[in-house]
Structure formats: C-alpha cells, structure tokens
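The chain contents come next:
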Amino acid sequence: MTLTTIKVQSDVRDDLARLAADDLGGVTLNAAVAHLITEHRKAAVLAAYARLQADPEAWADYENELDEWDGAAGDGLGGGEA
C-alpha cells in the first residue's frame, strides 16, 4: 500500500491520537481515520434511510420494490417476511 503525508494542525493530530488510544483500543492513527470514514459513511446511509422513511409514499414504494426483489430471488421464501 502506498503511503502519503497529510498536513493537519497539531491539536487535530493530538485529538485523533487521544481518540485512537482512548476510544478505539490504541489503534494507529491510520486505522482511526479509516474507522472514522467508515462511521461517517454508515451515518450518511442511515440518514438517507431516515429521510426516505419520513416520506410515507416514498417509503411504501421502497418497501414494495424490496418485496419485488425478494420475489425475484427465486429462493421460495417469498417477499417481505422476516
């Protein structure tokens, strides 16, 4: 893997180091940044689902599409059952 250098203010680096040590089990700063990026992406997906759920018509369309895809799977399980 190719490495690079980024410039951050020393207080940001120190905050990241504390977070890595205290909250993430002492991982490297690289691993801490990767973790934060992953968490940010997850939060963005959850926020998108929340916006979709806030629109009852759009959410119903989404659920109907899920049922259609479940039926298309051909696994005999039917659609929409958990």
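A brief structural summary. Since this is a predicted model, take the numbers as computed values, not measurements.

**Some words on a negative patch on the surface**
Together, Asp55, Glu57, Asp61, Glu63, Glu65, Asp67, Glu68, Asp70 and Asp75 line one region of the surface with negative charge. Among the structural elements, Asp61 can be located in helix 3 (residues 56-72).

**Some remarks on the layout of surface pockets**
Estimated volume of the largest pocket: approximately 430 Å³. If you trace the largest pocket, you find 13 residues lining it, with Thr4, Ile6, Leu29, Asn30 and Val33 closest to the centre. Residue assignment for the lining of the largest pocket shows that the elements contributing at least two residues are helix 1 (10-22) and helix 2 (29-53).

Criteria and cut-off values
- Residues numbered from 1 in each chain as written.
- Predicted model: local features only at pLDDT ≥ 70, side-chain atom pairs only at ≥ 80, totals over all residues.
- Heavy atoms only, no water.
- Patch = residues over 30% accessible without salt bridge, like charges linked within 9 Å, V, L, I, M, F, W, Y side chains within 5 Å.
- Areas by Shrake-Rupley, 256 points an atom, 1.4 Å probe, with all protein chains shown as cover.
- Salt bridge = Lys/Arg side-chain N within 4 Å of Asp/Glu carboxyl O.
- Lys, Arg positive; Asp, Glu negative; His and termini not counted.
- Charge placed at Lys NZ, Arg CZ, Asp CG, Glu CD.
- Helix = DSSP H or I, 4+ residues; strand = E, 2+ residues; numbered from the N terminus.
- 1 Å grid on protein atoms, 1.4 Å probe; cavity = no way out; pocket = protein on both sides within 12 Å on 5 of 7 lines; lining within 4 Å.
- Points joined across faces, edges and corners; volume = space filled by probe spheres on them.

As far as function goes, none of this settles anything; it's purely spatial.
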